Amino acid sequence: MISHDIILRVEELSPDELSEAEKSLCEAARRATYRSYSPYSHFSVGAAILLNNGTIIGGANQENAAYPSGMCAERTAAYYAGAQYPGIPFLMIAIAARDTDGQPLETPVTPCGACRQALLEYEKRSGIPIRLLLAGTKKVYRLPSVASTLPLAFDDF
C-alpha cells in the first residue's frame, strides 16, 4: 500500500490585508447576497467573478419549491459569465453569505462540490488558475485555484 498526503494551502487574512481589487470583489459578493432568492433556506449567498477583461459578474443563490433544482450563487455567476463572455477567462471569484437572520457571516463559506466542479471546468478550459476569496466580515480565506479545492477531481474532459 502507498499512502499520500494531500495538503491544501489556505491563506487566512483580515479584510484589511486584501488588495484593493480583492476588497472590491468581496464587496461585490456581499452586495450580491441581497439579490438571493432563498425563501426556504433563508441562507443568502453571493458570488462575484472578475473576468480577464475587467468585468465583474455577480450571482446569487436562487431557490424554488422544487428545492433540489435551485442554483448556487457561484454557478449562477459562472454560467452567466460563460454565456455572455464566452472565452474570457475568470481571474478570481469571491463568495460571501448572510445567515438566516440576514446578518453577514463573520467566517467564510466554501463552495459546494457541484460548484467546485463547475468552476474547475472554467479553470481547465482557460488554462489560468481562478483565485478564490471566501469572504467573511472578520476573516477571508484566499486559495490559489479551484483545482486546489478538488485534489482528486474528475478533470479528464
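Only a predicted model underlies this, so the values are computations on that prediction, with no experimental measurement involved.

Describe the overall build of the protein chain, naming the residues involved and giving the relevant values.
Looking only at helices and strands, one finds three helices and six strands in the protein chain. Listing every helix and strand of the protein chain by position from the N terminus yields β-α-β-β-α-β-α-β-β. Computed over the C-alpha atoms, the radius of gyration of the protein chain is 15 Å, within 12% of the 15 Å expected from 2.2 N^0.38 for a compact globule of 157 residues. Summarising its shape, the C-alpha atoms of the protein chain cover approximately 45 × 40 × 35 Å along the three principal directions. Counting across all 157 residues of the protein chain, residues that qualify as buried make up 41%. In the protein chain, the share of contacts with a sequence separation of at least 24, taken over all contacts with a separation of at least 6, comes to 66%. When the accessible surface of the protein chain is split by element, carbon and sulfur atoms take 52% of a total near 8,600 Å².

How would you summarise a nonpolar patch on the surface if you had to cite specific residues and measurements?
On the surface, Tyr-37, Tyr-40 and Tyr-67 cluster together to form a nonpolar patch covering roughly 350 Å² of accessible area. Position of Tyr-40 among the secondary structure elements: in the loop between helix 1 (20-32) and strand 2 (44-51). Residue Tyr-40 is classed as partly exposed on the basis of its relative accessible area of 42%.

Which residues make up the pairing of strand 6 (residues 140-143), and what are the values?
Within a regular strand, the side chains alternate between the two sheet faces. With three bridges joining them, strand 1 (residues 11-13) and strand 6 adopt antiparallel strand pairing. Bridge pairing links Glu-12 to Tyr-141 in strand 6. Here strand 5 (residues 131-135) runs beside strand 6; their pairing, made up of four bridges, is antiparallel. From the neighbouring strand, Leu-132 faces strand 6, where its bridge partner is Leu-143. With antiparallel pairing between neighbouring strands as the criterion, strand 5 and strand 6 make up a hairpin whose turn holds four residues.

Here is what the cut-offs are and how they apply
- Residues numbered from 1 in each chain as written.
- Predicted model: local features only at pLDDT ≥ 70, side-chain atom pairs only at ≥ 80, totals over all residues.
- Heavy atoms only, no water.
- Helix = DSSP H or I, 4+ residues; strand = E, 2+ residues; numbered from the N terminus.
- Rg over C-alpha atoms; globule rule 2.2 N^0.38 Å.
- Buried < 20%, exposed > 50% of the residue type's maximum accessible area, 1.4 Å probe, protein only.
- Contact = heavy atoms within 4.5 Å.
- Areas by Shrake-Rupley, 256 points an atom, 1.4 Å probe, with all protein chains shown as cover.
- Patch = residues over 30% accessible without salt bridge, like charges linked within 9 Å, V, L, I, M, F, W, Y side chains within 5 Å.
- Salt bridge = Lys/Arg side-chain N within 4 Å of Asp/Glu carboxyl O.
- Pairing = 2+ DSSP bridges.

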